[in-house]
Amino acid sequence: MAFPRQRMRRLRQSEPLRQMVRETRLTPADLIYPLFVVEGRDHRQEIASMPGQYRRSIDLLVKEATEVKWLGIPAVILFGIPDQRDERGSSGYDSNGIVQRAVRALKDQVPDLLIITDVCIDEYTTHGHCGLVRDGRILNDDTLDCLRAMARTHVQAGADMVAPSDMMDGRVGAIRDELDRAGFSDVPIMAYAAKFASCFYAPFREATESAPKFGDRQTYQMDPANAREALREIELDVEEGADIVMVKPALPYLDVIAAARARTNLPVAAYQVSGEYSMIKAAARVGWLDETRAMMESLLSIKRAGADLILTYFAQDAARVLNGRRV
Ligand code: PBG
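Our subject in this report is the structure included herewith.

Each value, and the rule that gives it
Residues numbered from 1 in each chain as written. Predicted model: local features only at pLDDT ≥ 70, side-chain atom pairs only at ≥ 80, totals over all residues. Heavy atoms only, no water. Near = heavy atom within 4 Å. Polar contact = N/O pair within 3.5 Å; in protein donor to acceptor, adjacent residues only side chain to side chain. Areas by Shrake-Rupley, 256 points an atom, 1.4 Å probe, with all protein chains shown as cover. Buried < 20%, exposed > 50% of the residue type's maximum accessible area, 1.4 Å probe, protein only. Helix = DSSP H or I, 4+ residues; strand = E, 2+ residues; numbered from the N terminus. Pairing = 2+ DSSP bridges. Patch = residues over 30% accessible without salt bridge, like charges linked within 9 Å, V, L, I, M, F, W, Y side chains within 5 Å. Salt bridge = Lys/Arg side-chain N within 4 Å of Asp/Glu carboxyl O.

1. Concerning the site of the ligand
- The immediate surroundings of the ligand are formed by 18 residues, with Lys195, Arg205, Lys248, Ser274 and Tyr313 found nearest.
- Note that an oxygen atom of the ligand is positioned 2.9 Å from one of the side-chain N or O atoms of arginine 217.
- Here an oxygen atom of the ligand and a side-chain polar atom of tyrosine 313 are 2.6 Å apart.
- Taken by itself the ligand offers 410 Å² of open surface, and the protein chains cover 100% of this.

This is the structure in structure tokens:
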């Protein structure tokens, strides 16, 4: 007979008790902060659909990175917004491209902050797709050459880790080979392994002006209905040499995060994407949600589901809360 001998409320009576039996804890060290970099100097422009997030020129990016490091966040992930786009996304693998220069400046001025780069051509192509296009089709194997060159130039510039987000088949292996050949066998790969074709990327695409100009991404990103397929994607990326596997988006895919955690002993990352951030921001703006509590609860849920690392636009605000300060 459980009740009244068993009373679940006994351990909920006070904050010290609740703290003692708390199963999941967040720390700033769990977080990775995404940053957007543009050409120019002394330039900072807020992204309309992502309040509190900015496109920054390299000089202001360095300032921001200093603050990120100071908050105890170990890493940032960089997204470039170039001036020049073409069919092949070549400004993305130019050794003097926007991300390559940003990486050099950051490693020079904030050397202890880990710099991860997003490897994908969509921000650099005129058509906005993550692969090369021929006759309206997205080419898989031809795209791998672009991804190899992009990852290599990022690492040559000083990137500590690369994160391919394109969802072409075989790209983790191709990038691993390329980095090993170029003498970078110690540089890890964080694979966007289970990346779903999600509507929640919309604010990001506005931020980077990278919405596809025709069609959609359903021939390479995953069907939101498929969890077993997500595990196959993860297994393949592990076989190809991934060091960290990622599930993206996060909150609508907590089951996938939990399944990934159960299946692999690699670190699992989850990306709380732009739309997840913007939803909370928008609801808070009209007074329907408490922003700080919604932020902390969603991050905690992602960690509880099994993520070791969380990529989130809330990284700075959450770190401030975790460090005992008000946002
Ligand atoms: C592709 C990429 C995207 C995001 C990260 N890398 C966009 C896409 O696949 O359409 C989305 C991140 C977010 O929504 O926060 N380079």
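2. Quick look at the pairing of strand β4 (residues 75–81)
- A large share of β4 lies buried, amounting to seven of its seven residues.
- Two strands pair when backbone bridges link them, and strand β1 (residues 31–38) and β4 are joined in this way by seven bridges, in the parallel orientation. The residue of β4 that forms the bridge with leucine 35 is leucine 78.
- In the sheet, β4 pairs with strand β5 (residues 114–119) via four bridges, with the strands oriented parallel. Directly across from alanine 75, in β5, lies its bridge partner leucine 114.

3. Some words on a nonpolar patch on the surface
- Taken together, Leu11, Met20 and Val21 make up a surface patch of nonpolar side chains, about 300 Å² in accessible area.
- Mapped onto the secondary structure, valine 21 falls in the loop between α1 (15–20) and β1.
- Taking relative accessible area as the criterion, valine 21 reaches 40% and is therefore assigned partly exposed.

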